[in-house]
Amino acid sequence: MRIKGKEYRTIWFENNIVKIIDQTKLPHKFIIKDLKKVGDAINAIKVMEVRGAPLIGATAAYGLVLSILENNDQSFLKKSAENLINSRPTAINLKWAVDRMMKKLSGVNSDKILDIALIEAKEICQEDINFCENIGLNGLKIIEEIYNKKKDTVNILTHCNAGWLATINWGTATSPIYHAHKKGIPVHVWADETRPRNQGANLTSYELNEEGINNTIIADNTGGILMQRGEVDMCIVGTDRTLANGDVCNKVGTYLKALAAHDNNIPFYVALPSSTIDWNIKNHKDIPIEERNSEELSHMEGLDEEGNIKKVQIYPEKSNAMNLAFDVTPAKYVTGLITEKGLCEASSVGLRKLFK
Ligand code: MRU
């Protein structure tokens, strides 16, 4: 997708260096950052210079490439794999990507290991691009159907950033929106601000602006009244881990949007590549929900008058704050899952039909 008219991917490999867009500086500054060691990749995931389930999976894959370049030793590689998996707990794509890489790399002691790692990391990225493009084509049919009935702009509410910045290209939740826009269907996006890291405002709105897509940022609690007023035609969100029974773990606040959508008979879709499906965990209570530093709530970053990024405290100094990063939307509130293989019911029957 484009930034200032130039095509980018969120991650690429050049001269033995992994290049990323530092997402902690967006939308104010566009900075390409170099990751040279596996520790840089781990840190980039932890501090959210890269974030979004598919992108952190891809970064972990390239992190193992960096690990081999740094020290081509199997025990170092194993430790790197463990540290990468533990860098963030909730998005299943991280473990999925590391396991996939380690399947190819474990026990390989020849010089070929670097080539094998690079081919696999690139394949993980290319596959994600293809999957996200297909998610877009499958989701486009739903938007088209609404447009054909309504004959007016389709209003889509989304939460957090599940756009191309959260993947390698296209995005998951935004891919149907990009495809609809390219087809000439008028769309407007309500972008939930998504406190505390403001991915909706800083990333979703930013990337939609760059593609010329009409959007409005709203405070996280605004979706309910917009739905009651008939100003939301559908919701599409991404996910960090979807269970085989269709329960959806995503950025905290997603559940409340699904409840409001259910109460107002508004379709609530979740877009995901199959790398985000956790086939093992049976009960959503067993999903590790990340609790991040409460400073993400008590402090905020923005541009000062001189155009510098500045952090300010917004909470009373003595107040406690709690920062749970994800929640779970039960499958019964999900109208459907939009995957690379097509649309399905959020249930084990639905998922099994697509993914035998
Ligand atoms: O904390 P983040 O920014 O990594 O959370 C991202 C999300 O919750 C996204 O909705 C999710 O990863 C879907 S990715 C296409």
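Residues numbered from 1 in each chain as written. Predicted model: local features only at pLDDT ≥ 70, side-chain atom pairs only at ≥ 80, totals over all residues. Heavy atoms only, no water.

## Remarks on the site of the ligand
Not every one of the 19 residues close to the ligand is listed here, only the nearest: Arg88, Gln199, Asp240, Asn250 and Lys251. Between the ligand and the protein, one listed contact pairs an oxygen atom with a backbone N or O atom of Gly52 at 2.9 Å. Separating an oxygen atom of the ligand from a side-chain N or O atom of Asp240 is a distance of 2.9 Å. Burial of the ligand by the protein amounts to 99% of the accessible area it has alone, namely 420 Å². Counting residues per element, the ones that place at least two in the shell around the ligand are helix H2 (53–70) and strand E11 (248–251). Counted by class, the shell around the ligand contains seven nonpolar, eight polar and four charged residues. Three or more residues apiece are contributed to the shell around the ligand by two domains, here domain 1 (2–127) and domain 2 (136–354). (Near = heavy atom within 4 Å. Polar contact = N/O pair within 3.5 Å; in protein donor to acceptor, adjacent residues only side chain to side chain. Areas by Shrake-Rupley, 256 points an atom, 1.4 Å probe, with all protein chains shown as cover. Helix = DSSP H or I, 4+ residues; strand = E, 2+ residues; numbered from the N terminus. Nonpolar A, V, L, I, M, F, W, Y, C, P; charged D, E, K, R; others polar. Domains from an automatic or database assignment.)

## Concerning the sheet that holds strand E16 (residues 326–329)
Judged by pairing direction, the sheet is mixed, and its four strands sit side by side in the order E13-E10-E11-E16 without closing on themselves. The sheet terminates laterally at strand E13 (277–278) and E16, the two strands that pair on one side only. By the bridge criterion, two bridges tie strand E10 (residues 241–243) to E13 in an arrangement that is parallel. Paired with Thr242 across the two strands is Ile277, which belongs to E13. Relative to the sheet, helix H9 (residues 254–263) contacts E11 and E16, its axis offset from that of E16 by approximately 30°. (Pairing = 2+ DSSP bridges. Contact = heavy atoms within 4.5 Å. Axes fitted to C-alpha atoms, helices over the stretch in contact; angles between N-to-C directions.)

## Concerning the side chain of Asn198
Within the secondary structure, Asn198 sits in the loop between strand E7 (187–192) and helix H7 (199–210). Apart from the residues within four sequence positions on either side, Asn198 is in contact with Glu193, Leu203 and Met300.

## Some remarks on H9
Of all the residues in H9, the buried ones are Thr254, Lys257, Ala258, Ala260 and Ala261. Buried residues of H9, seen end-on, are gathered within an arc of 165° and therefore sit on one face of the element. Summarising the geometry of H9, the exposed residues directed more than 90 degrees from the buried face are Leu256 and Asp263. Looking one or two places after H9, you find Asn265, whose phi comes out positive at around 55°. (Buried < 20%, exposed > 50% of the residue type's maximum accessible area, 1.4 Å probe, protein only. Arc of directions from axis to C-beta.)

## Structural notes on the nonpolar core
Core analysis: the largest hydrophobic core is formed by 74 residues, its most contacted members being Ile11, Tyr62, Leu84, Met101, Ile143 and Val187. Take this core: its biggest share by element is 13 residues, from helix H5 (residues 113–150). Both domains that furnish three or more residues to this core are identified here as domain 1 (2–127) and domain 2 (136–354). The residues touching Leu84, leaving out its near neighbours within four places in the chain, are Val38, Ala41, Ile42, Ile45, Ala60, Gly63, Leu64, Leu94 and Val98. In this structure, Trp190, Val270, Ile277 and Ala331 belong to the second largest nonpolar core, which totals 26 residues. (Core = buried A, V, L, I, M, F, W, Y, C linked by side-chain atoms within 4.5 Å.)

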